[in-house]
Structure formats: C-alpha cells, structure tokens
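Spelled out from the first residue to the last, the chains are:
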There are 2 protein chains.
Amino acid sequence: MTRERAKQLAEELVGRMTAEEKAGQLRFDAPAIERLGIPAYNWWNEALHGLARGGTATSFPQAIGLAAMFDEELLEQIASAAGDEARAKYNAVSREGDRDIYHGLTMWSPNVNIFRDPRWGRGQETYGEDPFLTARLGRAFVRGLQGKGGTLKTSACAKHFAGHSGPEALRHSFDAQISEKDLEETYLPAFRALVDEGVESVMGAYNRLNGEPCCASSYLMGKLRGDWGFEGHFVSDCWAIRDFHESHGVTAAPAESVQLALRSGCDLNCGCTYQHILHAMELGMIDEADVTRSAVRLFTTRFLLGTLGDEGSEYDALPYETIECPAHLALAQKAARESCVLLKNNGLLPLDPASCGTIGVIGPNADSRAALVGNYHGTASRYVTVLQGIQDFVGERCRVLYSQGCALCADRVEPLALPDDRLAEASAVAKASDTVILVLGLDETLEGEEGDTGNSYSSGDKEDLLLPESQRRLLERVLAVGKPTVVLLLAGSAIDLSAAQERADAVLLGWYPGAGGGRAVAELLFGAVSPSGKLPVTFYRNEALAELPAFTDYSLTGRTYRYYQGEPLYPFGYGLSYGACAVTGLTADRTLARVTVRNGGARDTEEVLQLYLRDEASPFAPPNPVLCGFRRVFLAAGEEKSLSVPLGEQAFTVVNDAGEHVPGSGRWTLYAGFGGPDARTEALTGRKALSVPIRSTP
Amino acid sequence: MTRERAKQLAEELVGRMTAEEKAGQLRFDAPAIERLGIPAYNWWNEALHGLARGGTATSFPQAIGLAAMFDEELLEQIASAAGDEARAKYNAVSREGDRDIYHGLTMWSPNVNIFRDPRWGRGQETYGEDPFLTARLGRAFVRGLQGKGGTLKTSACAKHFAGHSGPEALRHSFDAQISEKDLEETYLPAFRALVDEGVESVMGAYNRLNGEPCCASSYLMGKLRGDWGFEGHFVSDCWAIRDFHESHGVTAAPAESVQLALRSGCDLNCGCTYQHILHAMELGMIDEADVTRSAVRLFTTRFLLGTLGDEGSEYDALPYETIECPAHLALAQKAARESCVLLKNNGLLPLDPASCGTIGVIGPNADSRAALVGNYHGTASRYVTVLQGIQDFVGERCRVLYSQGCALCADRVEPLALPDDRLAEASAVAKASDTVILVLGLDETLEGEEGDTGNSYSSGDKEDLLLPESQRRLLERVLAVGKPTVVLLLAGSAIDLSAAQERADAVLLGWYPGAGGGRAVAELLFGAVSPSGKLPVTFYRNEALAELPAFTDYSLTGRTYRYYQGEPLYPFGYGLSYGACAVTGLTADRTLARVTVRNGGARDTEEVLQLYLRDEASPFAPPNPVLCGFRRVFLAAGEEKSLSVPLGEQAFTVVNDAGEHVPGSGRWTLYAGFGGPDARTEALTGRKALSVPIRSTP
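Here goes a summary of the coordinates provided. (Residues numbered from 1 in each chain as written. Chains lettered and ligands numbered in written order. Predicted model: local features only at pLDDT ≥ 70, side-chain atom pairs only at ≥ 80, totals over all residues. Heavy atoms only, no water.)

### Observations concerning the overall build of chain A
Here is step 1 of the chain: Looking only at helices and strands, chain A has 21 helices and 23 strands in total.
Here is step 2 of the chain: The C-alpha atoms of chain A give 25 Å as radius of gyration, which agrees with the globular expectation for 698 residues (26 Å, within 12%).
Here is step 3 of the chain: Counting only C-alpha atoms and orienting by the principal axes, one finds that chain A spans roughly 75 × 65 × 45 Å.
Here is step 4 of the chain: Buried positions account for 67% of the 698 residues belonging to chain A.
Here is step 5 of the chain: Long-range pairs, those at least 24 residues apart, make up 76% of the contacts in chain A between residues at least 6 apart in sequence.
Here is step 6 of the chain: A total of about 21600 Å² of accessible surface is found on chain A, and carbon and sulfur atoms cover 48% of it.
Here is step 7 of the chain: When the 66 basic and 91 acidic side-chain charges of chain A are each reduced to a single mean position, those positions are 4 Å apart. (Helix = DSSP H or I, 4+ residues; strand = E, 2+ residues; numbered from the N terminus. Rg over C-alpha atoms; globule rule 2.2 N^0.38 Å. Buried < 20%, exposed > 50% of the residue type's maximum accessible area, 1.4 Å probe, protein only. Contact = heavy atoms within 4.5 Å. Areas by Shrake-Rupley, 256 points an atom, 1.4 Å probe, with all protein chains shown as cover. Lys, Arg positive; Asp, Glu negative; His and termini not counted. Charge placed at Lys NZ, Arg CZ, Asp CG, Glu CD.)

### Some words on the sheet that holds strand β17 (residues 605-615) of chain B
All names here are of chain B.
Here is step 1 of the chain: The strand order β18-β17-β22-β23 describes an open sheet built from four strands, whose pairing is antiparallel. Strands with a single pairing partner mark the edges of an open sheet, and in this sheet they are β18 (626-635) and β23 (690-695). Across this sheet, the average inter-strand angle for adjacent strands is 20°, counted without regard to direction.
Here is step 2 of the chain: Strand direction decides the pairing type here: β17 and strand β22 (residues 667-673), joined by six bridges, are antiparallel. Directly across from Y612, in β22, lies its bridge partner Y671. (Pairing = 2+ DSSP bridges. Axes fitted to C-alpha atoms, helices over the stretch in contact; angles between N-to-C directions.)

### Considering the state of the cysteines
All names here are of chain B.
Here is step 1 of the chain: Scanning the model with the defined rule gives four disulfides over all chains in all.
Here is step 2 of the chain: Two residues share a disulfide in this structure: C238 and C270, whose sulfurs sit 2.1 Å from each other. Negative torsions about the S-S bond denote left-handed disulfides, and the value of about 95° found for C238 with C270 makes this one right-handed. Linking C238 in the loop between β8 (233-236) and α9 (240-248) with C270 in the loop between α10 (254-264) and α11 (277-282), this pair joins segments that are 32 residues apart in sequence.
Here is step 3 of the chain: You can call C270 buried: its relative accessible area is 0%.
Here is step 4 of the chain: Each disulfide in chain A links cysteines that, numbered along the sequence, combine into the pattern 1-2, 3-4.
Here is step 5 of the chain: Free cysteine: C214, not disulfide-bonded; nearest cysteine sulfur from C215 at 7.0 Å. (Disulfide = S-S within 2.5 Å.)

### So, the nonpolar core
Here is step 1 of the chain: Within the largest apolar cluster, 124 residues are counted, with the highest numbers of intra-cluster contacts made by W108, F161, V199, L224, Y274 and I277 of chain A.
Here is step 2 of the chain: The dominant element in this core, judged by the number of residues it contributes, is helix α4 (residues 72-95) of chain A, at eight residues.
Here is step 3 of the chain: Contacts of L224 of chain A, omitting those with residues within four sequence positions, involve F161, V195, V202, G229, F230 and F234 of chain A.
Here is step 4 of the chain: Residues F28, L152, L308 and Y554 of chain B belong to the second largest nonpolar core, which totals 123 residues. (Core = buried A, V, L, I, M, F, W, Y, C linked by side-chain atoms within 4.5 Å.)

### Considering the side chain of D98 of chain B
Here is step 1 of the chain: Tracing the sequence through the fold places D98 of chain B in the loop between α4 (72-95) and α5 (131-146).
Here is step 2 of the chain: Buried and unpaired, D98 of chain B has R477 of chain A as its nearest opposite-charge partner, separated by 6.8 Å.
Here is step 3 of the chain: A distance of 2.8 Å separates a polar side-chain atom of D98 of chain B from the backbone nitrogen of D100 of chain B.
Here is step 4 of the chain: A polar contact of 2.9 Å, which involves the side chain of D98 of chain B, links it to the side chain of H103 of chain B.
Here is step 5 of the chain: Not counting residues within four places of it along the chain, the set of residues in contact with D98 of chain B comprises D421 and A424 of chain A together with V93 and H103 of chain B. (Salt bridge = Lys/Arg side-chain N within 4 Å of Asp/Glu carboxyl O. Polar contact = N/O pair within 3.5 Å; in protein donor to acceptor, adjacent residues only side chain to side chain.)

### As for helix α19 (residues 517-525) of chain B
Residues and elements named next belong to chain B.
Here is step 1 of the chain: The element α19 is extensively covered by neighbouring structure, given that eight of its nine residues are classed as buried.
Here is step 2 of the chain: Along α19, the residues classified as buried are G517, G518, A520, V521, A522, E523, L524 and L525.
Here is step 3 of the chain: Looking at the buried side of α19, the elements it contacts are α13 (326-339), α14 (370-373), α15 (386-394), β12 (435-441), β13 (485-490) and β14 (506-509).
Here is step 4 of the chain: Residue G527 follows α19 closely and has a positive phi angle near 80°.

### Some points on the relation of the copies chain B and chain A
Here is step 1 of the chain: Once turned by 180° and shifted 0.0 Å along the axis, chain B lies on chain A with an RMSD of 0.0 Å. Accordingly, the operation relating the two chain copies is best matched by a two-fold axis.
Here is step 2 of the chain: Same-surface contact between copies: 100% of interface residues of chain B are shared with the interface of chain A. (Least-squares fit on C-alpha atoms with pLDDT ≥ 70 in both.)

### Let's talk about the pairing of strand β11 (residues 399-403) of chain A
Residue and element names in this part refer to chain A.
Here is step 1 of the chain: Counting buried positions along β11 gives four out of five residues, so the element sits mostly inside the fold.
Here is step 2 of the chain: Inspection of the sheet shows strand β10 (residues 358-362) paired to β11 by five bridges, in the parallel sense. Across the sheet, the residue bridging to T358 is R399, located in β11.

### A short note on the pattern of salt bridges
Residues and elements named next belong to chain A.
Here is step 1 of the chain: All chains considered together, the criterion is met by 100 salt bridges over all chains.
Here is step 2 of the chain: A salt bridge links E606 to R632; the shortest N-O distance between them is 2.7 Å. One end of the pair, E606, is in strand β17 (residues 605-615); the other, R632, is in strand β18 (residues 626-635), and 26 residues separate them in sequence.
Here is step 3 of the chain: Each of R122, E125, E168, R171, E449 and E450 takes part in a single network of salt bridges with overlapping partners.

### Concerning the packing of aromatic side chains
Here is step 1 of the chain: Following the criterion strictly, the structure yields 46 aromatic pairs over all chains and no others.
Here is step 2 of the chain: Taken together, a centroid distance of 6.5 Å and an interplanar angle of 55° make the contact between Y127 of chain B and F141 of chain B tilted. One end of the pair, Y127 of chain B, is in the loop between α4 and α5; the other, F141 of chain B, is in helix α5, and 14 residues separate them in sequence. Summarising the burial analysis for this pair, Y127 of chain B and F141 of chain B share the class buried.
Here is step 3 of the chain: Connected via pairs of aromatic rings, a cluster forms that spans F70, F132, Y561, F572, Y612 and F630 of chain A.
Here is step 4 of the chain: One Lys or Arg, R53 of chain A, reaches over the ring of Y376 of chain A and ends 4.1 Å from the middle of that ring. (Phe/Tyr/Trp six-rings, centres within 6.5 Å; stacked < 30°, edge-to-face > 60°. Lys NZ or Arg CZ within 6 Å of the ring centre and 35° of its normal.)

### Notes on the sheet that holds strand β13 (residues 485-490) of chain A
Residues and elements named next belong to chain A.
Here is step 1 of the chain: Spatially, six strands are ordered β9-β14-β13-β12-β10-β11 in an open sheet, and the strand pairing comes out mixed. Each end of this open sheet is capped by a strand with a single partner; those strands are β9 (341-345) and β11. Looking at each pair of strands side by side, their axes are set apart by 15° on average, direction ignored.
Here is step 2 of the chain: Where β13 lies against strand β14 (residues 506-509), four bridges are found, and the strand directions are parallel. Counted as the bridge partner of L489 is L509 from β14.
Here is step 3 of the chain: Against the sheet, helix α16 (residues 423-431) makes contact with β10, β11 and β12 (435-441), and its axis sits at roughly 160° relative to β11, the strand it touches most.
Here is step 4 of the chain: Strands β10, β12 and β13 of the sheet are contacted by helix α17 (residues 469-481), whose axis makes an angle of about 170° with β12.

### Quick word on the interface of chain B and chain A
Here is step 1 of the chain: Each partner contributes residues to the interface: chain B has 50 residues there, and chain A has 50 residues.
Here is step 2 of the chain: Approximately 4100 Å² of surface area, both sides summed, lies buried where chain B meets chain A, with 45% of it carried by carbon and sulfur atoms.
Here is step 3 of the chain: Applying the counting criterion to the chain B and chain A interface returns 10 salt bridges.
Here is step 4 of the chain: One can count 34 residue pairs in polar contact (both at pLDDT 80 or more) joining chain B with chain A.
Here is step 5 of the chain: Elements supplying a minimum of two residues to the side of chain B that touches chain A: α4, α15, β11 (399-403) and α16 (423-431) of chain B.
Here is step 6 of the chain: In the side of chain B that touches chain A, the residues fall into 20 nonpolar, 12 polar and 18 charged. (Buried area = accessible area lost by both parts, 1.4 Å probe. Nonpolar A, V, L, I, M, F, W, Y, C, P; charged D, E, K, R; others polar.)

### Regarding α4 of chain A
Residue and element names in this part refer to chain A.
Here is step 1 of the chain: The end-to-end C-alpha distance of α4 is 34 Å, a good match for the 34 Å that 24 residues give at a rise of 1.5 Å each.
Here is step 2 of the chain: Most of α4 is tucked away: 19 of the 24 residues are buried.
Here is step 3 of the chain: Between the side-chain oxygen of the N-cap and the backbone nitrogen of E73 there are 3.3 Å, and the N-cap of α4 in question is D71.
Here is step 4 of the chain: Among the residues trailing α4, G97 stands out with phi positive, at a value near 85°. (Expected span 1.5 Å × (residues − 1).)

### Concerning the pairing of β14 of chain A
Every other side chain in a regular strand lies on the same face of the sheet, so the side chains alternate between the two faces.
All names here are of chain A.
Here is step 1 of the chain: The alternating pattern of β14 places A506 and L508 and V507 and L509 on opposite faces, both of which are buried.
Here is step 2 of the chain: Summarising the sheet, β9 and β14 pair through four bridges and their orientation is antiparallel. Of the residues in β14, the one forming a bridge with V341 is L509.
Here is step 3 of the chain: In this fold, β13 hands off to helix α18 (residues 498-503), which returns the chain to β14; that crossover is right-handed. (Right-handed = clockwise from strand over helix to strand, strands pointing away.)

### Observations concerning the environment of L348 of chain B
Residues and elements named next belong to chain B.
Here is step 1 of the chain: Structurally, L348 can be placed in the loop between β9 (341-345) and β10 (358-362).
Here is step 2 of the chain: Placed 345 residues apart in sequence, L348 and P693 show a C-alpha to C-alpha distance of 39 Å.
Here is step 3 of the chain: Apart from the residues within four sequence positions on either side, L348 is in contact with T435, P484, T485, V486 and D505.

Okay, here's the thing in structure tokens:
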C-alpha cells in the first residue's frame, strides 16, 4: 500500500464523514463509525522496550540498555519482534472485540530525546546523550517497528519533539530556551533522521520551545513538514494541549488551544481537549477543513496499517503464540548480554562456578522484579532476578546466601524495626560467603516520569547522583567485611559509584536488563559470555552537579561527553570486557575508516569499535571529539580483524551559531578505539585510542 | 536448665535491679542493663510458618495449609527448622550488635484460635475450625519450636488467649460473649493442650471475653495459672493494654490499665502502656512486688533460653548457613505437597507432561509472589510462583502461555484502560491452549489482620465468600472458552467455588503454599505426587452466610462441621487423591481403633485416615460426629495396611452447659474414612465411612 493510495482511500472515507464524526476521530480513543464500517480504535500504544502495559509480551532491556549495545542490527530485530507481538496481540484481542488502549498498532516509541542531564528520570527511555548514536539507533528501531512489508507492521513515533529532557516537575509549564546551534547540533538530528527513515508519527513534547508549546510550534512544524517533508501524522503528548491554557498560558481556553494545535498541524489529541473541536468550529476559530486535513492524515496511517478496507495486512495471520515465542525470548537474552557494561574489574571476574564456594548475594535489587524492567514495561511470563539467575547458573555447585540488605529507599525494611534493620543480616551473609555480589540501584519508583513514580519529592527525577542513603550505608557495611566483592548496579542513569570503584573488586552495570535479565547477568559474572556494552551516557561524579549547568538550562556548554571538561567517573563509550582488545591500525579518508582490531587476550569477546572526530580549529566545534561511527565486532581470543567503517559527509561539518551545518576548519583528527579518546578512558583501560589526521577543504 | 534453676537465677538477677530497671524489663523492647551485664532484648518475634519479618528464612506453607497436612510429625519438624533458623539468625545478628525486633528467640507462634467464621481474615493463621486438630497440631508446633535440648531452642507462645476470631474491625473494643460449654468444648482445649505441652508463653487477645479484657481476665488467668498450672510468662497482644482505657473503657487511664494488667498476671507488654508502671507505683496502684513477679517470670524464660549467664546454649554454635539450608527447603517442599487439597477431578488430572501441548496459565495469582506466602511471612531467597513451577516442570515439553487475566481485586489492570482490560487476552490464551490452568484467589492485601491489609473496607476480613468480582468475571470468560480447565485457588480460607465445581474439570486448593510452593503445585498437577491434603475448615456456599450466626456471635450453634446442619460445598476433612483408597475394615474399643486401609488404584498416594465419634443420645453432644483421631499414611498402588489409632479418654466425654466434661450417653458410633462421615463427603467421593458402635459406661 503506497502512501498515495492510502491517502486517496483516507480522503474518500473521510469525505463521507460528518463534521462530528471527523472531530471524534481526532481523539486518541477514536470511536467506531458503524455506518461506515469503521471500528473503534485507540491510538495509544507503547513499545519502548517491548510491548508495554497491554499484557504479556517479551521484555527487552530498557532503552538506555539497548543503546549500550551499540548494535543497530539487534535493535532492529528487537523492534521487529515487538512489532510482531503488537500485531499478534491486536489480531487476537480485536477478535475478542477489545479495541482498548495498549492494544493497537500505533506505537508511541521510540523516545529519541537527548539524555542531557543525568538527573532526568526519563533518561532511561532514551538512547543516551549523543545525537549521532541516538539517530542511528532510533532509525533502526523505526525500521524494525514499521517493517518492510506491503503494509506498515506497526507505526513508530518519534518523540518528544523537541527539546524535552526535564525537569519532570516543570514539564507542563516549562519553556526550554535552546539556541539554534544546540537545536541543530544536538536536539533535532535524531528527529530529522527518523523522518528520513519514514517514521509514520511524531509526538509533540509537553514543554514550550523558545516560547511556543511544542505541540503547536510554528518553528518545529516548519522544520518537520516543511524542511524535512514529514508526511505522517502528529500526535500531542498526553494532555499536553490542555497545558496550553492550564499551565503554559499561551491560550485562554480549550477552544483556543484546539485552534492553536489543530491549525499548527497537531492531528491527534492524546487527552481530551479535542472534544472542544465542534465548539471551536461553532465559534469560527477553526474550519471543517482543519479537521478534515488531520482526519485524512490519521486515516492514511490506518490504511497504511491495512486495518481498514478489504485488503487487510500480511500481518493479519500472525497467531497469538508469536508473543514471547522462543525466538523473541532469545533476542531479549542476547540484548541483555550485550547491554551490560563492565565498569571495573581487578581480575575477580569472571567468577569460576566450579570453585565459587559460598556466594553472598545482597542488596535491595538482587531479587527485585521491578529492577529488571524500568518504566514503560509489559508483563513477562517469566522474571529471572539477578539472584535467581545466579542460583540457576551455579546450580548445586555453590551455596548461595541472600540478604535484602536494606530497603530500596527507606531507612528500614520493617516499619516497627530500628533503622538499618537488615544491615546485620547483610554483614552476616558477607562474612559467611567467599564472594559477595552486591546488587544496588533504582527502579521506576525512584526514577521515571512525572506522575508515575514514587519519588514525589522530585517528580521522577533524581535529586543528585548518589545512591539512596540506605544503599550507601549497605555498601559501606558490606565493603567493611572485606570479602571479594562485585557491585552490580541496576539503574537507568548515571550514578556516582566512586566508593565501589575505589573499594570493590568489580563493578558491573546491568541497567534494567529486561524480565529475564538475571540470567544474562549471571552469564556475564561467571564468564559464559564476556561483557561488551558501552556507556551511552557520561557517568559524572556527584560533585560534578555543581559544575554542570542548571537542570533547567538547555545549553550544551559543559554537558555530555562532547562538552564536559571535567573528569567523569566513567566516560561515554567506556566499558571493559574479558578479552584484551586493541585497535592496532587505522587509516582513513573522508569517506571511509579502515581499522585493524585484535583480541590479544585469552577469552573470546564482542567489542564496540568507536570512531570519533574532532575539528581541530573551528570555533563552532565542540571541545571534545565527537562520535561519528561505531561497529560491534566479535573477536575470538587471539583473533585479528580488519574493519571498514563508512564516515558520513555530515561528520565533517560543524554547526554555526545560526544553526547551519558548515564545513569547519578542515583540519580533523579521527580517533579509533574501544572507547572514547579521552584521558579518563585511557586511565581506566590502560589503552590510548589511535588517531589519524584528515584534511577536508573548508 | 531446669525451670527451678532458671527461676532461681532469675530471682537472683532481678533482685539486683532497681524498680526502674525492673519496670523497663516488662516492655517488649527491653533495654540493656549494662551494670548487670544484661543485653537489650526485643521479645517480639514471629514464626507462624517460618521466621517472619526478620529477613531471609525458609518459607513454609501458611498455617492453614500446614493444618491441611494432618501431619503432626512433619509439623514438628517444620517448627524445629524454624527454631533452628531463629537461633542461627540470633547468633549471627547479635554478634553484629543487632538486638532488634524479629531477631530474638521468643516466638509469638502458633496461633491456636479456632477458625470459627469463614470471613475472618486471620483464619489463615490458624489450624482450622476443629479444637482437637488444633490442639494436636499446636502441640506438635510447640514441641518443634522449643526443642528437646538442655535449653529451650526458642520459646513458643499460645495465642490469642482466648476466644479471638474476628471481626478484625472491632477487635480493640469487642466483647466476645461465650458460654462455658463453648469455651470448654471449642475455644480453650488447644490452649490447655499447649500448656500441657510446656508452652513457655501465652499471649492475651485484644478482645474482651464475657466482659473482661483478655489480657487481664480473672477467668482466663484462673484457668491458666490455676487449673492448668502454667508457669511461663504472659504477654499482651500488641497495644492491647492501651485498649483497656482507649477502646474497652474498662479503665480510665494508663496507670489503671497497668494496674489491671499487671495484677492480673500479664508480665510483658507488647505496646507502650507499661511505661506507666513507675507512675502507677507512685500512685500506689501497684507494688514493686507486682513488677518483680513478672520480671522474674520473664528472666526465667531468658535463662531457660540460655541467653543469660555463663552457661550458654547448645544452639549457640548454629551457623548462619542453617538458614534456608537444603534440608529445610526440602521440608518446605514436602509440606507444600502435603498441604494442597484436590477438591474436584473429573479425570483431567494428573496432566501428562509428555503430551500437554500448549498450556494456558491464567489468572492474577498465577505469577504472584504474595499469593505464595500469606501473612506473617519472611523473605525467601527463591520464589517459585505457580506459573514458574509449571514452566520448570514441563520444560521444553510444552509451550506455556500466560495471561494475568485480571487484577486481583480491581476492575482493570491499567488505570487508563476500560474495565476488564485483560479478559480478551485471557480468552485468547485459553483459545490458543490445549489445557487451561486458572489461578485465582486472595493474598494478604485481601485477607489478613486489621491494620495490615489493603481491604480497609473490612479491616482484613472478607465480606462474603465470593471471589472478587474481577475474578468471577475472569472465571466466567475462561470457562466459556470450553477448554479442559483446572481451577487452582490460592487463599487462606473458604471461598465459594460453586462455579468451578460445576463447570471446571478439576479444582485444586493450594492455600498459600510457601515461597517455593509453585514447584509442589506443578508436581501435583502433573502427577509426580498425588494430592493428599484435607480441609481443616468447612467450605460453605456463599448462601450459607445467611444461615450462619452473625460474625459477632461466638456461639457454635450452626457453625463448623460439628454443628453445621446445611450442605457445605466441600466438607471438613475432605480431599481427593490420585489413588483409590478406602477403609476396608474397622474394629475399636474405648482405647484403640484398628483400621484396614487399601489403595485399590493405580497410583501411589498418601492419605489421611480420619476417625470421628458421635454420642448418639447425649443432649450435650454436637449434632455431627467429631474428629477424635487421624493418621497420615502412605499407600502404594494396590497396597493394603492395618493401622492402630489410639483414642483418648476425653474423646468419650461431652461438655455440659456448665463447661464440665461428662461421660455422655455412653452410646457412641465411631466412623473411619479418608474424610468425614457426612453425606456431602459421601456424594463427592462416592465412598461411605465405615462405622462401628462403641459402648461406654455413662
């Protein structure tokens, strides 16, 4: 089904509707129009890391963990699997007459906002802090969700357009002030890339951008439908149009908000404000043509999905059993393996299951299901916590002792007990163990979305980069016992792990690894697989918050690895493996880098080759080298490989203050390594990135 | 350590205390007296079905499920294991300086109240509705907890003394009016039996009994310390002494409550009212001797535990690894197997894992951890939900599909969805399956203790015997699909399962089977083990609530299997197996019954032989035969065994209106069967209990 044909069908169908009927179709919970054979349809569905909120589905690692894989192919497969499951669920439940929320084919994923500030609670939903990585991964995700069939498998959605990254507490009234340069260099590239990829939908953000609410921004709409040629439909974030009059104050009443949003090109209202469409028409504030235009766009999507008309979709036959089929569960397992990042290892890891004696597994996230799934999650039919994963992996070979150690974020577990009521047990377990695995971190009650989380004190954002105090006390107590100790962090954002880095033997970051993630974590701890994930965000030290711009300041100056001038705890792109891989050769021109890589170690591993570019002289260049290419590669012990990585033309541009891509100074340095070319990576890994100069005509 | 010697040491030690020091020792959180080398000690610990609230511990089936085993030996082993774990935990954490609540050796278990009304939320904590069974099981539990060593392993506690069984909402002000006959015949026998067993502690109930608050009842104390010769210590239920002046109104102020409780013989205050002891002394309302008396009793217990003085205890060496050791986990597994009750089977069970195709596991309790553990639970290091148990059991042999089906007790799972938002998925799963296992029931948020549960509408009690409406709708929807269906109930009390009994192929009751219970459930479903649990309570139909006495009426008339004249859905003592066992011979005299039993089926099984007695003519006899003996027995396929079951002398008495045990008419009928001798059991099992007349001299 071509867009042209779908649009024609949509125009024909919408042409038969009354104004009232059309208006109703612009609500996210569009009612049936029985006389036209149109079933009810709820546009709201989610697939951030697997189908969310709509029942049983394969659970993949949270988006930030998917980013840490640096693996476009696997990400596309994952999104494709989620799309298949959405179809299978839709097929099954719509046959049961269920047309409810979270059961449709229009997925409001991925989230391609930039993880600008480490406190942002929704940063876990993103692909991290780098615009290049975010764009590449976002495109892969859209390809997977939308498929390559004659109809869309599902429709993807680029959200939240644009400049949306906290604070959550302010989002309904916030005005993000962002320069043209920062927009073009950092905040917009991923959206542009997703439009290029053919994303069927874009969601406007809650906040204002330079004064205009994002769901009705002439600037953003001009880019989107003008410069970029976006032809799909535009949806508001949920109840964001109500914010126009209730919080932003850019309009005075619902009808005005309708007028502003609809005339700006916001086709679909997640929320209830478009119930005022007819009233706005009566007042002459909008025309029926405004409504028709959006209705046609929406029905174009429905025809592209093959859910209207007689032709159907090639996906109509996907059976219910597609959901959580073995192939999808295997993808989730592979993703969990690739997403974990080894941050420190003094040689304790991998543990030997044949001689591990007694293992003490301690900590509030050790047996937590919530810590497996982050936010925007579905329901899995099997959760494997870290504790269970370890128990299953070692079987009868080791005794596993467990202590919760402390509450996730409270001074005691039992209300009637004294503070720290599990610390004695944790200490006792550590003393009775040969090795300790201490599982700390957060879950969606501590970081997430405004209104969703339990940490109402900061509406889902973190106040700082420290672990909750209960966990800091537990870490202290367990480290004091002095046993060989691995600290495992399950969280979706940067946490200051200085104490663990200094005093634990190993530190592993599991993100929120998906419902079965404990199995992958155990495989990594015991060396069945070598860690290979890389940080898609900078792990700052907590003190750095004093140096970073205010949370409300959207300037990139001093933020993210491209602009941060301090020393991070763990830098962007960083992650260890059990191999000993190095880049041993690098040549490049403006189109291609040729790289030789070698695993000089005794263990097979995957690695992520990373290429960074720096314009050595342009005043518009970020101070630090910028990611311009990456490639996940398998290297057996002792193996050497030659890789070619294409370099995009835009890599050799810089963005001036007017937001224009310009050639820069022409004197570039290209770096290749298994991490960034920064001093901290060098210190942590003992290896320097190779570099080579490249000249381009300015 | 003899009680005499312990008491001597206690008197000596208490004799060295000031009045202030003594008064402090009557609080449950007794402070240290450093000058006397007495460490702080918190008396409050729980071990209802494994150590509770104090961290990691082996999780056994909830007490009501332990009762369904009808297995004194196993119950004693379980209590002994819990006692060992309490010692191991105490040893480890007290070395860490932790003397906090839930870490001590004075266990406030078991709960030997009679499960009088099926709505009572705490009925799950009891051994059911029969005084004989409760007494026998309670004794076994006390033996296990207290051990046979030179020191007490832990101290057990007979609670809640007496006549305590709801309504929870009223408990702080309620006056239970109970006749002498009902007290002697029903409410007191278990307490008496536990005192005979040497229980070290008794806890007073919240309510009043015939006008007197149970923690200061001259009637109850007279029985306890007078008639029965109880020598241990008496503890108030928590904040129950405050209820004297705040709710019961039997005193006007805290000092009066202190006077009443202490003078009545309540030694230990769970709560804070005994902070007024010194004030009451100043007012002359109590003497120092009153305080001394209780302090001596309390320190006697501490010496009996071997926690004071130089001698120590033989349990001091129990290492931390005792907790959840393989032997204890095996006990829990065995208990879960024995506790489940098969209520219906048209031949669908056991399922054949070799040919089970696709199994649909559906329902809000299918993957619930909370539904494994009931209330008063510890933390397990491994939870095996029913879903996981089934997945693990079938492995690669079958595909397992899962749907939550509905919320436990809400009309939708997702707040933004329409009602019944998982029913379509459940129906789709059922349609895609060859067999459906539907897991329904309750958890501690729906039945439990006042103040603890989520169902504030009835303070922990059930309003009726129906499943929550969401689950009734799910049951209806799934049954309508028409696949072979097993209904599995996880709950701690009687639920009207009429719809399942009529229309499902099999009905299994799992109670709250303990953290690893899903494994046992799967073994039963797939026939690795035959079900053998028996109901320790009557499962009434919901309509019966209209016939039963009011919830607040403590008269037995018309209540429990001994007095209920209607037809229950499932009677007391009932439970099917995969064998085909029958009692084939019965002879008896007044001291011994000789019974021949035979398994005529093709599968090995355990069974519970039950003996019931009826006085055929006494006006004081309950209308129905009364349990007077039981024996769990293994019967291989085809096996026949002869068993001797002793009959206690008291079995041949009845209780007159003055509460005296009298001989009765002397014309008795003894019944023997694998269930009760009632018509409903006969209808459900197709077998009649054998009977034999016994004459006794009136």
